[in-house]
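Structural description and commentary
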Amino acid sequence: MREKMGTKFLRDKLSSGSVNLNEIKNSFRTFVSRSKEFAMRDEKLAKVVKEFYIPDYIVVPEESNSCSGSGTSDDEDDAPSCPVIVFINSKSGGQLGSQLLITYRSLLNQNQVIDLGEKKPDKVLHQVYARLHKLKCNGDQFAAKIEKRLRIIVAGGDGTAGWLLGVVSDLKLPQPPPIATVPLGTGNNLPFAFGWGKKNPGTDRLSVEAFLEQVRTAKEVKIDSWHIIMRMRIPKEGSFDPIVPLELPHSLHAFHRVSHSDSLNKDGYHTFRGGFWNYFSMGMDAQISYAFHSERKLHPEKFKNQLANQGTYLKLGCTQGWFLASVFHPSSQNIAQLARVKIMKVGQSQWVNLDIPRSVRSIVCLNLPSFSGGLNPWGNPSHKKLLDRDLTPPYVDDGFLEVVGFKNAVHGLALLAPNGHGTRLAQAHRIRFEFWKGAADHTFMRIDGEPWKQPLPVDDDKVVVEISHRGQVTMLATPACRSRSVRDPYTCYQEEGSDSDEEDESSAEDWEERRKFGAAGTFKIPDGFDIAQLS
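Per chain, residues are indexed from 1 in the order of the written sequence. For this predicted model, a pLDDT threshold of at least 70 governs which residues receive local features, and a threshold of 80 or more governs which side-chain atom pairs are given and counted, while totals over whole chains, interfaces and linings are taken from all residues. Neither water nor hydrogens contribute to the side-chain values; these are computed over all heavy atoms in the structure.

**Section: the pattern of salt bridges**
A pair is scored as a salt bridge if a Lys or Arg side-chain nitrogen falls within 4 Å of a carboxyl oxygen belonging to Asp or Glu. What the rule picks out here adds up to eleven salt bridges. The partner of Arg340 in a salt bridge is Glu434, with the nearest N and O atoms 3.7 Å apart. One end of the pair, Arg340, is in strand β9 (residues 340-344); the other, Glu434, is in strand β14 (residues 430-435), with 94 residues separating them in the sequence. On the basis of relative accessible area, Arg340 is assigned to the partly exposed category, the value being 43%. Looking at Glu434, the relative accessible area reads 5%, which means it is buried. For the salt bridge of Glu466 with Arg432, the shortest nitrogen-to-oxygen distance reads 2.7 Å. One end of the pair, Glu466, is in strand β17 (residues 463-477); the other, Arg432, is in strand β14, and 34 residues separate them in sequence. Here the salt bridges do not stand alone but share partners, grouping Arg340, Lys342, Arg430, Arg432, Glu434 and Glu466 into one network. Comment: elements are numbered from the N terminus, with helices defined as DSSP H or I runs of at least four residues and strands as E runs of at least two. The buried label applies to any residue whose accessible area, calculated with a 1.4 Å probe on protein chains only, is under 20% of its type's maximum; exposed applies above 50%, and partly exposed to all values in between.

What follows is the structure, given as C-alpha cells:
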C-alpha cells in the first residue's frame, strides 16, 4: 500500500509538468521517514499482541463464544510470554480511568480489559480459571501456558487494588496470578511500595505500552495478608445496632457481619471480619481521612484532580486540629485513653501489654513501607537500634506488622526529613485492641485508605479489634520497589537468629477462628455499590 502511494506521488508530480527535483527529494524523504514510523508502530503493535494478548476462546464464557467459531489452540509456541487481564476502575482518577480503558482496549483484546463498573472481578476470574481448567483437561497446552504465565493489572486507588488482592485470595487458585497496580487514586500507597509510582499515569498509547513492558519484566514479591476481627457486645436492652452499614468501608477488605451459623460467631456479640495488606490505623489520621471521604461523597465533582485532592487533604488536616492536637484534640481521644493494646510475637501464646505514650494520638499497624502518600513511618533503624530493642529489619513477608505512634501532624512531618520516623512501638504477629467505657463515645479507624467512624462502649459493653497474620499474596515489583523481602538476597539481609521463619504455633482453636479470611465470598461487594466510592 505504501509503495503504491509513493509511486502515485511521483506520477502526479511528473504529470503536472512542474517538476522540482529538490521538492521531490524532500517529499520523498518525508514519505520514507513516515513509512518507517508506521512500520515501527506496526512492529510494536505486533509485539504487544504476541506478548500480552489473550484470545477470546479463553476469556469469553463458553456459551458466548460457542457460536463464533472460536476453538482451541494446540500450538503452545504461539502462547504470549506475558498474558494479562486488566481491571480498570473507570471512575478513578477523574477522567483518567475511562481514558485508560479506551487505550488498553485499542491495544489488547477488549474482552481481556475489564471495566470494574460493569463486571465484578471475582466473576471474571472464576470464569477464566474454570475455562482454563477445562481446556487443560482436554489437552490444550496453549491454555496451560496462559495459566502459568498470567499476570493481572489493576488500575485504581488503594481500595480498588485491595479489592483485587482479596478476590485472588478468595479464589484459592493453584497458581495465583501476581498483581501489578496502576496508581489512579489520591494516596496510591500500594503502587508506590512496589515501584509503580504514586502520580497518576499517562493514558496515551506509548505510556500504556511502556507500562506493559514494565509488567513483563517485573519480579514477583510475596507480601503478608492480615485478618481483622471486630466484636462488640450486644446491648442488654433494645435492638440498638452499633454499626450503621453505610459507615463501614465497602471495598474488598471491608467488614461484613458474619451469619448466625458462622463459626466466628459468639453468643452475646456482634461480629465482623475483614482483611488488609498495607495498614490499619486508628486515631487522628483516620479522622482526617474520614472527613476527606465524607466530603468526596457529598461533592464528587470537586475531587477529579490528584493534586487538588492532596491540597484538600492538607486543608482538612489543619481544620481538624491535627497540627495543634494538644490544643484542639481532647486527651480522651489519645490512644492510651481509648484502648488497651496487646501484642503477640511468632511462637508466643500469651498476650503482652503494649505501653503507649500518653501523647500518642494516632497509631499505625504497618505492613508495607508506604503510608499517607508514600511516607515510611517506621523508617530504617540502624543495626544497633534493632539489636537494642530486639527488633528485626522491616520486611513485607516476615509475618510482622510494625506498630508506630504519632503525636500530631508536626510529628508526622518528621517523615519528610532524612531518617525521619514516628514513635516505634513494637513489631507484632498479632495485635489486640480492647475498648471499654470511657470519656469518648467513638473513634476513627482506617484500613488501606478506607476510613470509618467506630462507636465505642457506652455501658459495660466491650469492643475488641484483633489483627492476626493470615497468609500471603503475590505482587509485581519494578526495580524501583521500596518494599524489602526476606527471600530476596539482593535487596535485604537476614539477621542471625531472626525468628521470621519460625512456625506460627497458635492453637487449633485460634486457627479455626481465623480461617474464614479468604473463604469464598468473604469480600463480596454488595450489589449496586458505586465503585466511585472506592479510593
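Let us keep going from here.
**Structural notes on the sheet that holds strand β8 (residues 279-283)**
Strand pairing requires that DSSP identify at least two bridges connecting the strands. Spatial strand order, β13-β12-β11-β8-β15-β16: six strands in an open sheet with antiparallel pairing. Of all strands in the sheet, those bounded by a partner on one side alone are β13 (423-428) and β16 (450-455). Adjacent strand axes in the sheet meet at a mean angle of 20°, parallel and antiparallel pairs treated alike. Pairing between strand β11 (residues 362-366) and strand β12 (residues 401-406): five bridges, direction antiparallel. Each residue of the ladder has a partner; that of Ile363, found in β12, is Gly405. Between N-to-C directions, angles cover 0 to 180 degrees, with each direction set by a line fitted to C-alpha atoms, over the stretch in contact for helices.

**Focus: helix α7 (residues 141-149)**
If you check which residues of α7 are buried, you get Phe142, Ala143, Ile146 and Glu147. Buried residues along α7 cover an arc of 135° about the axis, so they all sit on one side. We call two residues contacting when some pair of their heavy atoms lies within 4.5 Å. Close packing links the buried residues of α7 with α3 (56-59) and α6 (121-137). Residue Asp140 occupies the N-cap position of α7, its side-chain oxygen lying 3.0 Å from the main-chain nitrogen of Phe142. Picture the helix axis, draw a direction to every C-beta atom, and the arc is the one those directions span. As used in this structure description, the phrase polar contact means that two N or O atoms lie within 3.5 Å; if the pair is within protein, one of them must be able to donate a hydrogen and the other to accept it, and residues adjacent in sequence are counted only when both atoms belong to side chains.

**Details of the packing of aromatic side chains**
When the centres of two rings from Phe, Tyr and Trp lie within 6.5 Å, Trp using its six-membered ring, the rings pair. Their planes under 30 degrees apart give stacked, over 60 give edge-to-face, and anything left gives tilted. According to the stated counting rule, one finds five aromatic pairs in the structure shown. When the ring of Tyr279 is compared with that of Phe371, the centres are 4.8 Å apart and the planes differ by 85°; the resulting orientation is edge-to-face. Of this pair, Tyr279 sits in strand β8 while Phe371 sits in the loop between β11 and α15 (383-388), placing them 92 residues apart in sequence. Owing to a relative accessible area of 1%, Tyr279 belongs among the buried residues under this scheme. For a Lys NZ or an Arg CZ to count as sitting over a ring, it must be within 6 Å of the ring centre and within 35 degrees of the ring normal. In this structure, Lys198 is placed above the aromatic ring of Phe192, and the distance from its NZ or CZ to the ring centre is 4.8 Å.

**Topic: the environment of Ala336**
Within the secondary structure, Ala336 sits in helix α14 (residues 335-338). When the C-alpha positions of Ala336 and Ile356 are compared, they lie 5.6 Å apart, and in sequence the two are 20 residues distant.

**Description of the packing of helix α5 (residues 96-107) against helix α10 (residues 205-217)**
At their nearest, the axes of α5 and α10 sit 10 Å apart, and the two run at 70° to each other. Judged on the interaxial angle alone, α10 and α5 are roughly perpendicular. In the packing of α5 onto α10, the handedness of the crossing is right-handed. Packed against α5, whose contacting residues are Leu100, Thr103, Tyr104 and Leu107, the element α10 presents Arg205, Val208, Glu209, Phe211 and Leu212 at the interface. Broken down by class, the residue content of the contact of α5 with α10 amounts to six nonpolar, one polar and two charged. By definition in this entry, angles of less than 35 degrees are roughly parallel, angles greater than 145 are roughly antiparallel, angles of 65 to 115 are roughly perpendicular, and the rest are oblique. Each crossing gets its hand from how the near helix is turned against the far one by less than a right angle, where anticlockwise is left-handed and clockwise is right-handed. The classification used treats Ala, Val, Leu, Ile, Met, Phe, Trp, Tyr, Cys and Pro as nonpolar, Asp, Glu, Lys and Arg as charged, and all other residues, Gly among them, as polar.

**Describing the environment of Tyr395**
Among the structural elements, Tyr395 can be located in the loop between α15 and β12. For the pair Tyr395 and Ile223, spaced 172 residues apart in the sequence, the C-alpha separation amounts to 8.7 Å.

**Overview of the pairing of β14**
With six of six residues buried, β14 is to be regarded as a mostly interior element. Burial of β14 is two-sided: the residues Arg430, Arg432 and Glu434 facing one way and the residues Ile431, Phe433 and Phe435 facing the other way are all buried. In terms of strand pairing, β9 meets β14 through five bridges, oriented antiparallel. Pairing of Ile343 across the sheet is with Ile431, part of β14. Here β14 pairs with β17 via six bridges, running antiparallel. Across the sheet, the residue bridging to Ile431 is Ile467, located in β17.

**Some words on the confidence of the model for the protein**
pLDDT runs from 0 to 100 and stands for how confident the predictor is about each residue. With 63% of its residues at a pLDDT of 70 or more, the protein has an overall mean of 75. Least confident of the elements in the protein is helix α17 (residues 508-514), whose mean pLDDT is 42; most confident is strand β1 (residues 84-88), at 97. Here residues 66-70 scores under 50 on pLDDT; set against residues more than four positions off or in separate chains, the count is two contacts.

**A look at the side chain of Asn278**
Along the polypeptide, Asn278 turns up in the loop between β7 (269-276) and β8. Given a relative accessible area of 1%, Asn278 falls into the buried group. A polar contact is formed between the side chain of Asn278 and the backbone oxygen of Ser370, at a distance of 3.0 Å. When sequence neighbours within four positions are dropped, the list of residues in contact with Asn278 reads Asn189, Cys365, Leu366, Asn367, Leu368, Ser370 and Asp448.

**A look at the pairing of β13**
Counted residue by residue, β13 has five buried out of six residues, so it is predominantly covered. As paired elements, β12 and β13 share five bridges and run antiparallel to each other. Of the residues in β13, the one forming a bridge with Glu402 is Gln427.

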